[in-house]
Amino acid sequence: MDFMDKQLTEVTGGTIRAQLLTDMARITYRSTGDLQEARKRFTAALQEDPTYARAKLGRAEVLIESDNTNEAEKLLLEAMETLSIDKDRQDEYIEALMLLARVFEATDRAGEAYRRLTAAARISPDNLNIRSAIVRNRHVAGRHRDAVTAAEHVEQQLAEGIERTAEHMRLVSDIFVLGALSEIEMKKPDDAVERLIRAAELDPSNPAAIEPLVGLLQERGRLEEAARYSARLARQTPEPGVRGQRYVEAGMLFHDAAAALADGADGAETASEAELRKAAFENLRLGLELVEETGDTLLDRA
């Protein structure tokens, strides 16, 4: 922050100073939680350039995060009056719409939030952040059919060509997870399984996709698949104690898959019984070693 204060003394021009003060206000709140100090910097930014909308939007975001939703709503509505008539400021208008949606969701007005999000989507239909917010809004509101429809729209976008950056793939994966959770609520677990598999393919490191998938696959007797996803989840778990528990769970699933194959179960196993038993041993060994090292208690298998 000292560096930014020094930089502020060296720059001239109202808009540049307003931008710097806005950045400083955000950093101040996020690093210290000092709302009053952040307010001072946002106010100073608008004194430098009263038309600098990002200062108003940044202040509104901080107000939302600090549960000052009434003040945030008033500020956003005022900002949107100006932004809505300037076609060169659509990005800022979209940001205002999404922030206002957050205010409405925080104050139990999901329908109002949804209307703002769909307005934003009409302006920028390929914006994944907007699509993600729509799916989440519909899922949380219990409008599960709408959530699935919105997730399917993103599937279509993916087919048409989305830049496959890590950030985009995590976002799309999370969207599919919400769609799958809505399908579970709609009593369509098989559809949910396929959507979660898709989510895990797009972002193999997304635990939100893998955790529910393991249980659903196990319930359907797809034990080898459940075991492999469980082992993947274990490998990606940073906390040693939890990682150990998950390795043990994966080992037990591999053991169950081997036992089912030995009993003549007609599953989708691709490995032999010997290979499954070897995987069971390796995962159990890794898990028990980690649990012993950390001193954690091994949880009973549900």
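Residues numbered from 1 in each chain as written. Predicted model: local features only at pLDDT ≥ 70, side-chain atom pairs only at ≥ 80, totals over all residues. Heavy atoms only, no water.

Caption draft 1: Representation of the overall build of the protein chain. Helices and strands together make up the secondary structure of the protein chain, namely 15 helices and zero strands. Judged by the C-alpha coordinates and their principal axes, the protein chain covers about 75 × 45 × 35 Å. Relative to its full complement of 302 residues, the protein chain shows a buried share of 44%. Residue pairs at least 24 apart in sequence account for 53% of intrachain contacts in the protein chain once pairs closer than 6 positions are excluded. Here the protein chain has roughly 15,900 Å² of accessible surface; of this, 49% comes from carbon and sulfur atoms. Of the side chains in the protein chain, 40 bear a positive and 56 a negative charge, and the two mean positions are spaced by 4 Å. (Helix = DSSP H or I, 4+ residues; strand = E, 2+ residues; numbered from the N terminus. Buried < 20%, exposed > 50% of the residue type's maximum accessible area, 1.4 Å probe, protein only. Contact = heavy atoms within 4.5 Å. Areas by Shrake-Rupley, 256 points an atom, 1.4 Å probe, with all protein chains shown as cover. Lys, Arg positive; Asp, Glu negative; His and termini not counted. Charge placed at Lys NZ, Arg CZ, Asp CG, Glu CD.)

Caption draft 2: Layout of the packing of aromatic side chains. Following the criterion strictly, the structure yields zero aromatic pairs and no others. One cation-aromatic arrangement involves Arg138 over Tyr114; the distance from NZ or CZ to the ring centre is 4.0 Å. (Phe/Tyr/Trp six-rings, centres within 6.5 Å; stacked < 30°, edge-to-face > 60°. Lys NZ or Arg CZ within 6 Å of the ring centre and 35° of its normal.)

Caption draft 3: Main features of the environment of Thr28. By secondary structure assignment, the location of Thr28 is in helix α2 (residues 14-32). Among the residues examined, Thr28 registers a relative accessible area of 7% and is labelled buried. Sequence separation of Thr28 and Gln90 is 62 residues, and the distance between their C-alpha atoms is 27 Å. A polar side-chain atom of Thr28 sits 3.4 Å from a polar atom in the side chain of Arg41. (Polar contact = N/O pair within 3.5 Å; in protein donor to acceptor, adjacent residues only side chain to side chain.)

Caption draft 4: Examining unusual backbone geometry more closely. Its identity as a non-glycine residue notwithstanding, Asp108 has a phi of 60°, on the positive side. In this model, Lys187 sits at a positive phi of 65°, which is unusual for a non-glycine residue. Structurally, Lys187 is set in the loop between α10 (166-185) and α11 (189-202).

Caption draft 5: Here's a closer look at α11. Compared with the 20 Å implied by 1.5 Å per residue over 14 residues, the 20 Å span of α11 between its first and last C-alpha is a close match. Those residues of α11 that fall on the buried side of the exposure criterion are Ala192, Val193, Arg195, Leu196, Ile197, Ala199, Ala200 and Leu202. On its buried side, α11 packs onto α9 (144-161), α10, α12 (207-219) and α13 (223-235). (Expected span 1.5 Å × (residues − 1).)

Caption draft 6: Layout of the pattern of salt bridges. All told, the structure shown has 30 salt bridges when counted by the stated rule. Linking Lys40 and Glu37 is a salt bridge whose minimum nitrogen-to-oxygen distance equals 3.9 Å. Pair noted here: Lys40 and Glu37 are both in helix α3 (residues 35-48), with a separation of three residues, about one helical turn. You can call Lys40 exposed: its relative accessible area is 54%. Residue Glu37 is classed as partly exposed on the basis of its relative accessible area of 27%. Between Arg285 and Glu282 there is a salt bridge, and its shortest N-O distance comes to 2.8 Å. Separated by three residues within a single helix, Arg285 and Glu282 lie in helix α15 (residues 273-294), roughly one turn from each other. A relative accessible area of 33% places Arg285 in the partly exposed class. (Salt bridge = Lys/Arg side-chain N within 4 Å of Asp/Glu carboxyl O.)

Caption draft 7: Examining the packing of α10 against α11 more closely. Where α10 meets α11, the closest approach of the two axes is 8 Å, and the angle between their N-to-C directions is 170°. Comparing their axes, α11 and α10 come out roughly antiparallel. Only Pro189, Asp191, Ala192, Arg195, Leu196, Arg198, Ala199 and Leu202 of α11 make contact with α10, whose side of the interface consists of Met169, Val172, Ser173, Phe176, Val177, Gly179, Ala180, Glu183 and Ile184. Considered class by class, the residues forming the contact of α10 with α11 number 11 nonpolar, two polar and four charged. (Axes fitted to C-alpha atoms, helices over the stretch in contact; angles between N-to-C directions. Parallel < 35°, antiparallel > 145°, perpendicular 65-115°, else oblique. Nonpolar A, V, L, I, M, F, W, Y, C, P; charged D, E, K, R; others polar.)

Caption draft 8: Local environment of the environment of Val177. Summarising the element assignment, Val177 is placed in helix α10. Using a relative accessible area of 6% as the deciding quantity, one classes Val177 as buried. Through-space distance from the C-alpha of Val177 to that of Leu213 is 9.6 Å; in sequence the pair is 36 residues apart. Not counting chain neighbours up to four residues away, the residues in contact with Val177 comprise Leu196, Ala199, Asn206, Ala208 and Ala209.

Caption draft 9: Examining the packing of α3 against helix α4 (residues 53-65) more closely. Their axes nearest at 9 Å, the elements α3 and α4 cross at an angle of 165°. In terms of orientation, α3 lies roughly antiparallel with respect to α4. Like other packed secondary-structure pairs, α3 and α4 cross with a definite hand, here left-handed. Where α3 approaches α4, its residues Leu35, Arg39, Phe42, Thr43, Ala45 and Leu46 are matched on the opposing element by Ala55, Lys56, Gly58, Arg59, Val62 and Leu63. A breakdown of the residues in the contact of α3 with α4 according to their chemical character gives seven nonpolar, two polar and three charged. (Left-handed = near helix turned anticlockwise from the far one by under 90°.)

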